[in-house]
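# Coordinate inspection notes
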Amino acid sequence: MKHLDGKKIFVTGGAGFIGSHLCKSLSSSTRKLTVYDNLSSGKVENVKHLPNVHFVRGDILDLKKLQSQDKADLIFHLAAQVVVPYSMENPIIDFETNARGTLNILEKARKDDAYLIFASSAAVYGNPIELPTSEEYGFHPFSCYGLSKVVGEQYCEMYSKQYGLDVAIMRFANVIGPGCHGVIHDFLEKIDKNPDKLEIIGTGLQSRDFVHVSDVIKALILSTVGKKAIGKTYNLGYGKTTKIIDLAKMIIDLLNLTSKTAITTTNVSWHGDVDTIWFNISKAKKDLNWIPKITLEDSVREIIRNWRQER
Ligand SMILES: NC(=O)c1ccc[n+]([C@@H]2O[C@H](COP(=O)([O-])OP(=O)(O)OC[C@H]3O[C@@H](n4cnc5c(N)ncnc54)[C@H](O)[C@@H]3O)[C@@H](O)[C@H]2O)c1
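Residues numbered from 1 in each chain as written. Predicted model: local features only at pLDDT ≥ 70, side-chain atom pairs only at ≥ 80, totals over all residues.

### A look at the overall build of the chain
Looking only at helices and strands, the chain has ten helices and 13 strands in total. Taken over C-alpha atoms, the radius of gyration comes to 19 Å for the chain, in line with the 19 Å a tight globule of 311 residues would show. In terms of principal-axis extent, the alpha carbons of the chain reach across some 60 × 40 × 40 Å. Within the span of the chain, comprising 311 residues, buried residues form 45% of the whole. Taking as baseline every contact in the chain between residues at least 6 positions apart, the subset at least 24 positions apart corresponds to 78%. (Helix = DSSP H or I, 4+ residues; strand = E, 2+ residues; numbered from the N terminus. Rg over C-alpha atoms; globule rule 2.2 N^0.38 Å. Buried ≥ 20, exposed ≤ 12 C-beta atoms within 10 Å, placed from the backbone. Contact = placed C-beta atoms within 7 Å.)

### Observations regarding the packing of helix α6 (residues 183–193) against helix α8 (residues 244–254)
Where α6 meets α8, the closest approach of the two axes is 11 Å, and the angle between their N-to-C directions is 50°. Taken together, the axes of α6 and α8 lie oblique to each other. Note on packing geometry: the crossing formed by α6 with α8 is right-handed. Across from Val183, Ile184 and Phe187 in α6, the residues of α8 making contact are Ile244, Leu247, Ala248 and Ile251. The residue inventory of the contact of α6 with α8, partitioned by class, reads seven nonpolar, no polar and no charged. (Axes fitted to C-alpha atoms, helices over the stretch in contact; angles between N-to-C directions. Parallel < 35°, antiparallel > 145°, perpendicular 65-115°, else oblique. Left-handed = near helix turned anticlockwise from the far one by under 90°. Nonpolar A, V, L, I, M, F, W, Y, C, P; charged D, E, K, R; others polar.)

### Regarding the site of the ligand
Around the ligand lies a shell of 28 residues, among which Gly13, Gly16, Gly42, Ala79 and Ala80 are the nearest. At the level of elements, α1 (17–27), α4 (91–112), β5 (115–121) and β7 (174–176) are the ones that each hand at least two residues to the shell around the ligand. A total of three residues in the shell around the ligand trace back to one element, the largest contributor, which is α1. (Near = placed C-beta within 6 Å.)

Okay, here's the thing in structure tokens:
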């Protein structure tokens, strides 16, 4: 990561799951790393032990505070409201954080003349009929969260076209690994409370593309090498899809509970839930020379190990 030497890096949402893994990776390569996070879901403990990190407790909606921060050369914008059902119940808060918040970060990037890397999501595709889904599929959001990410992406494109800002858009599938939230963590919590039963919300036939956080971080770092990612949009997934019921079976199996835990389904999913996430990742493979390496099974093993240690 020699190319990052001396660069001033600013990470929004750096105290969260993906952000803290990114900061861990960056902190050894730069002496100027600012983590800007309001700690609404992130934890300062995730980053405070890292070398070279300057932590600022701040909100991306606070434009004045953002503008008063030191000039950055490179900005990773990960701060967001990330919960789909919450976005359906609180569309205005979701919009404020993800759309207006992103606009504020774009303003900081414009003022600083910084390269901005924006964390977007599979949610911009909604329920795609093209599977695996490529970047060209277009916007078909199915939740307010998906729509607020579309708005963020479109502002990024506007700033790129009209102000010549260097921007790359990275759409994440389901990112997993130590400290992750989401379905794997929920299943472990449920089984811990009652090992006799694991209830899946929905039919269990919905499927997801799970990618390990360290693979995602590698792609984010690769997108800072040279200029190849500037002005581009990339899918970051593993390139495979797994039904949630098969994930549940895998977890039960790895916990040695096959003869104990019965799987049930509610058949009704939450508002805004999509059927399938399955990314075509050939563009990131080709342009960024990136290959995700860690399988779902290895990831789940690691998450279980970590989860046991933390309890
Ligand atoms: N985890 C995934 O599977 C996944 C999938 C697709 C996209 N993403 C995107 O990746 C990014 C990071 O997600 P994550 O899973 O690490 O989530 P996370 O909730 O762990 O991290 C988000 C961080 O943003 C901070 N934050 C939230 N609102 C803020 C605000 N107004 N001002 C400042 N900080 C604020 C939170 O405190 C938290 O530390 C998000 O933009 C998310 O939409 C994540």
